[in-house]
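# Structure at a glance
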Amino acid sequence: MRRLRAVVTVLAAVAALLAPGSALARTDGSVPRLTDGRGRVLDLRGWNVEDKTHRGADALTGVTERHFRDMARAGFGLARLLVFWDDLEPRPGQYSERYLRRIEHILDWAHRYRFRVVIDAHQDVFGPAFGGHRGIPEWATRTDGLAYVPHPDDWFAEYYEPAVQAAFEHLYEDADLRGAQARMWELLAGRLGRHPAVFGYDLINEPMGRLRSGEDPPAAARRIERDQLTPMYNRLAAAVRRADRRHHLFVEPTPVVGEAVPTGLGRIHDPKVVYAPHFYNTAMEAGRDYDPAARWIEAYESAVTRYPREQRVPVVIGEWGPPDSSLPNMRRFYDDALASLARYASGWAGYTWCYGGGYCAVDEAGRFRPNKERLSWPRVVAPANRPG
């Protein structure tokens, strides 16, 4: 009986290692793997954890210990924790001690359940100056008096509003805003960098910018990434390193990457950079079913792997997952997506671990929503899995 149990255990371990998303399933050796401090290859799988509802004194109260307990039980070990600059620094130079303590409290839960946490400086449509979105504080928002019209049925279209585009341009180009953003990151890294749950810092979520005359979105994205995001990431990397030289820096292209457009990002001069694009399809975001014949996943993979190959940096997908996982082709989508990610990514964080509908991983009772259980696989802790 002992032998039978041993054989079953070994077979289960082999099955887990060969499952989509596992380290041994990877076939693309041209993209570097992410490793830990002992040289072991990491295979990070988890979810975004967020609270976009509460702010001020109640900020982040929607994140509870249950999030980490339930994720751990389902086999996950990575959390991308959304934090908002507008909550951290509601007035210039005045940082919220309450908010910092709340982040630390969440990190304590994460550590209890052995999670690696990426601290994500999140923004949606820049910040609260635009329709109550979250991210960059109102005091750091400059619009040049340009127009802003909300799009309640298509919030992503708000990124193309002139006032929003001006705000991004000022964030990248104005010396005082550059300095404020760098100080914010230096403070976060100095305060959180010693916590054992922290794994890295995602320097800004889904950065956008201003389209210039004659540019289409792909051309604008490449210019913004080359001329504005690359210098910004180098500035913020230097700021973080003044306080923390140990943890990884996650850098994102613009969301235009979802159209299978290679990034224009240049070299980020830091030894621990991780490329962290998002993996969203415009049609599925609009509520349509997955269309395998469109070969979007193949086009995305071809485009998104160019930068990490050239720069020799690993890839972790910061967000992914459709808003409606119950459509007829979604089982096929998850299988195709996991197979693709296994070829080049060192990990991913689904969007998002919450209890309800829409993007939520699970329902109110904690049961996986349709097809999302396919992301949960047995975890196998292997000794000293060193890159070859």
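Each value, and the rule that gives it
- Residues numbered from 1 in each chain as written.
- Predicted model: local features only at pLDDT ≥ 70, side-chain atom pairs only at ≥ 80, totals over all residues.
- Heavy atoms only, no water.
- Salt bridge = Lys/Arg side-chain N within 4 Å of Asp/Glu carboxyl O.
- Buried < 20%, exposed > 50% of the residue type's maximum accessible area, 1.4 Å probe, protein only.
- Pairing = 2+ DSSP bridges.
- Helix = DSSP H or I, 4+ residues; strand = E, 2+ residues; numbered from the N terminus.
- Axes fitted to C-alpha atoms, helices over the stretch in contact; angles between N-to-C directions.
- pLDDT = per-residue confidence, 0-100.
- Contact = heavy atoms within 4.5 Å.
- Disulfide = S-S within 2.5 Å.
- Core = buried A, V, L, I, M, F, W, Y, C linked by side-chain atoms within 4.5 Å.
- Phe/Tyr/Trp six-rings, centres within 6.5 Å; stacked < 30°, edge-to-face > 60°.

All told, the structure shown has 29 salt bridges when counted by the stated rule. In this structure, the salt-bridge partner of Glu-173 is Arg-178, at a minimum N-O distance of 3.6 Å. For Glu-173, a relative accessible area of 39% puts it in the partly exposed group. Across the pair Glu-298 and Arg-295 runs a salt bridge, and its minimum N-O distance is 3.7 Å. Several salt bridges converge on common partners, so that one network encompasses Arg-80, Asp-120, Asp-202, Glu-252 and Glu-319.

The 7 strands are arranged E6-E5-E4-E3-E2-E1-E9 in an open sheet whose pairing can be described as parallel. The open sheet terminates on both sides in strands that have one partner only, identified here as strand E6 (273–275) and strand E9 (347–350). The average undirected angle you get between the axes of adjacent strands in this sheet is 30°. Here strand E4 (residues 198–202) runs beside strand E5 (residues 248–251); their pairing, made up of 3 bridges, is parallel. Considered in E5, the bridge of Tyr-201 is made with Leu-249.

All right, on to the confidence of the model for the chain then. Considering every residue of the chain, the mean pLDDT works out to 91; 89% of them sit at 70 or more. Note that pLDDT drops below 50 for residues 1–27; the model gives that stretch 35 contacts with residues more than four away or on any other chain. Here residues 379–388 is a poorly scored stretch, pLDDT under 50, and it has 18 contacts once near neighbours within four places are set aside; other chains count.

Here we come to the pairing of strand E3 (residues 116–121). Among the 6 residues that make up E3, 5 are buried, leaving the element largely enclosed by the rest of the structure. Alignment of E3 against E4, held across 4 bridges, turns out to be parallel. Bridging from a neighbouring strand, Val-118 pairs with Gly-200 of E4.

Under the criterion given, the structure shown has 1 disulfide. Note that Cys-354 is cross-linked by a disulfide to Cys-360, the S-S spacing being 1.9 Å. Taking the sign of the torsion about the S-S bond as the criterion, the disulfide between Cys-354 and Cys-360, at about -110°, is left-handed. Considered together, Cys-354 and Cys-360 belong to a single accessibility category, that of buried residues.

Turning to the environment of Gly-321, a few remarks are in order. Here Gly-321 shows up in the loop between strand E8 (319–320) and helix H11 (330–344). It is 9.6 Å that separates the C-alpha atoms of Gly-321 and Phe-333, two residues lying 12 residues apart in sequence. With sequence-adjacent residues up to four places away left out, Gly-321 is seen in contact with Phe-279, Tyr-280, Glu-285 and Tyr-359.

One finds Trp-185, Ile-317, Trp-320 and Phe-333 to be the most contacted residues of the largest nonpolar core, which totals 97 residues. When residues of this core are assigned to their parent elements, the largest contribution, 9 residues, is made by helix H7 (residues 217–241). Apart from residues lying up to four places away in sequence, Ile-317 is in contact with Pro-277, Phe-279, Tyr-300, Leu-341, Tyr-344, Ala-345, Gly-347, Trp-348 and Ala-349. Counting residues in each nonpolar core, the second largest holds 11 residues, with Leu-78, Val-118, Val-316 and Ala-349 among its members.

By the element assignment, Gly-131 lies in the loop between E3 and helix H5 (162–173). Residue Gly-131 is classed as exposed on the basis of its relative accessible area, which comes to 64%. A C-alpha to C-alpha distance of 9.4 Å links Gly-131 and His-151, two positions 20 residues apart in sequence.

Our next topic: the side chain of Glu-301. Among the structural elements, Glu-301 can be located in helix H9 (residues 296–304). Classification of Glu-301 by relative accessible area gives buried; the value is 13%. Apart from residues no more than four positions distant in its own chain, Glu-301 is found in contact with Ser-340, Arg-343 and Tyr-344.

Once that is clear, we can look at the packing of aromatic side chains. Tallied over the full model, the rule gives 31 aromatic pairs. Aromatic pair Trp-185 and Tyr-201: ring centres 5.5 Å apart, planes at 70°, arrangement edge-to-face. One end of the pair, Trp-185, is in helix H6 (residues 175–192); the other, Tyr-201, is in strand E4, with 16 residues separating them in the sequence. For the residue pair Trp-185 and Tyr-201, the accessibility class agrees, reading buried in each case. Ring plane angle 75° and centroid distance 5.3 Å describe the contact between Tyr-351 and Tyr-359, whose orientation is recorded as edge-to-face. You can call Tyr-351 buried: its relative accessible area is 10%. What makes Tyr-359 partly exposed here is its relative accessible area of 24%.

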